[in-house]
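# Reading the structure
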Amino acid sequence: MPNPEHKPLIRKAAEAFMAATLALMVIAVFSNVVLRYAFGTGLVIYEELSRLLFVWLVCMGTVVTAHENRHLSFTLLVDRVGPRSRAIMGALASLLSAIVLGMVIKGAWDQVIAGLHSHSPVIGYPLSVAAAATLFMAAAMEVLIFKQAILDPLRAHTGK
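So, here's what we can say about the structure. (Residues numbered from 1 in each chain as written. Predicted model: local features only at pLDDT ≥ 70, side-chain atom pairs only at ≥ 80, totals over all residues. Heavy atoms only, no water.)

### Things to note about the nonpolar core
- Val63, Leu101, Met137 and Met141 are the most contacted members of the largest nonpolar core, which has 14 residues in total.
- When contributions to this core are tallied by element, the ones reaching two or more residues are helix H2 (44-67) and helix H4 (128-158).
- Per element, the largest residue contribution to this core is seven residues, and it comes from H4.
- Sequence-distant contacts of methionine 141, that is, excluding residues within four places in its chain, are made with Thr62, Val63, Ala66, His71 and Leu101.
- In terms of nonpolar packing, the next biggest core, distinct from the first, is built from seven residues, Ala14, Met25, Leu57 and Met60 among them. (Core = buried A, V, L, I, M, F, W, Y, C linked by side-chain atoms within 4.5 Å. Buried < 20%, exposed > 50% of the residue type's maximum accessible area, 1.4 Å probe, protein only. Helix = DSSP H or I, 4+ residues; strand = E, 2+ residues; numbered from the N terminus. Contact = heavy atoms within 4.5 Å.)

### Digging into a nonpolar patch on the surface
- On the surface, Leu92, Leu95, Leu96, Ile99, Val100 and Met103 cluster together into a nonpolar patch covering about 590 Å² of accessible area.
- Inspection of the secondary structure puts valine 100 in helix H3 (residues 83-115).
- Residue classification places valine 100 among the partly exposed positions, given a relative accessible area of 45%. (Patch = residues over 30% accessible without salt bridge, like charges linked within 9 Å, V, L, I, M, F, W, Y side chains within 5 Å. Areas by Shrake-Rupley, 256 points an atom, 1.4 Å probe, with all protein chains shown as cover. Salt bridge = Lys/Arg side-chain N within 4 Å of Asp/Glu carboxyl O.)

### Describing the environment of leucine 43
- Here leucine 43 shows up in the loop between helix H1 (9-39) and H2.
- For leucine 43, a relative accessible area of 37% gives the class partly exposed.
- Sequence separation between leucine 43 and histidine 6 is 37 residues, and the spatial gap between their C-alpha atoms is 41 Å.

### A closer look at the packing of aromatic side chains
- Using the criterion set out here, one finds two aromatic pairs in the structure.
- Measuring from centroid to centroid gives 6.2 Å for phenylalanine 17 and tryptophan 56, while their planes differ by 75°, and the two rings are edge-to-face. Taken as a pair, phenylalanine 17 in helix H1 and tryptophan 56 in helix H2 lie far apart in primary sequence, 39 residues in all.
- With a relative accessible area of 34%, phenylalanine 17 lands in the partly exposed category.
- With a relative accessible area of 19%, tryptophan 56 lands in the buried category.
- Residues tryptophan 56 and phenylalanine 136 carry aromatic rings whose centres are separated by 6.2 Å and whose planes lie at 35° to one another, so their mutual orientation is tilted. Linking tryptophan 56 in helix H2 with phenylalanine 136 in helix H4, this pair joins segments that are 80 residues apart in sequence.
- Given a relative accessible area of 33%, phenylalanine 136 falls into the partly exposed group.
- Among the aromatic side chains, those forming a connected cluster through ring pairs are Phe17, Trp56 and Phe136. (Phe/Tyr/Trp six-rings, centres within 6.5 Å; stacked < 30°, edge-to-face > 60°.)

Okay, here's the thing in structure tokens:
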């Protein structure tokens, strides 16, 4: 796990984005709860905004979690095999993950293109903004898989 004192700038930006997104969501949802309780009404714009922010928060959090290699994993079988088998299983898992993420990228790209001319009913933002969160997540995770599966072992082997 990376040293928390020496976080890369991109990691700090991702955390700041997630903190701002969560803060805006809390404000929007809490304001709507108060408005509904006190006045029997709410702002529809806050509902749509909180949905959009939630999508981006989850996707950004997924990328940060992948970067830290902290996703849930089931290692019952991997823990019981030798180092060579473990390496083969890791390579196979990386390959399968890359293939699935490639399919997610293709589908998310199609949704971004389709959403360019469709707009949300209340705020009016292009629906491609929401689909772009999934595209960003899958592309970033594809880069991380490449780094962890190809570049890190090469660096460890060459000593660079």
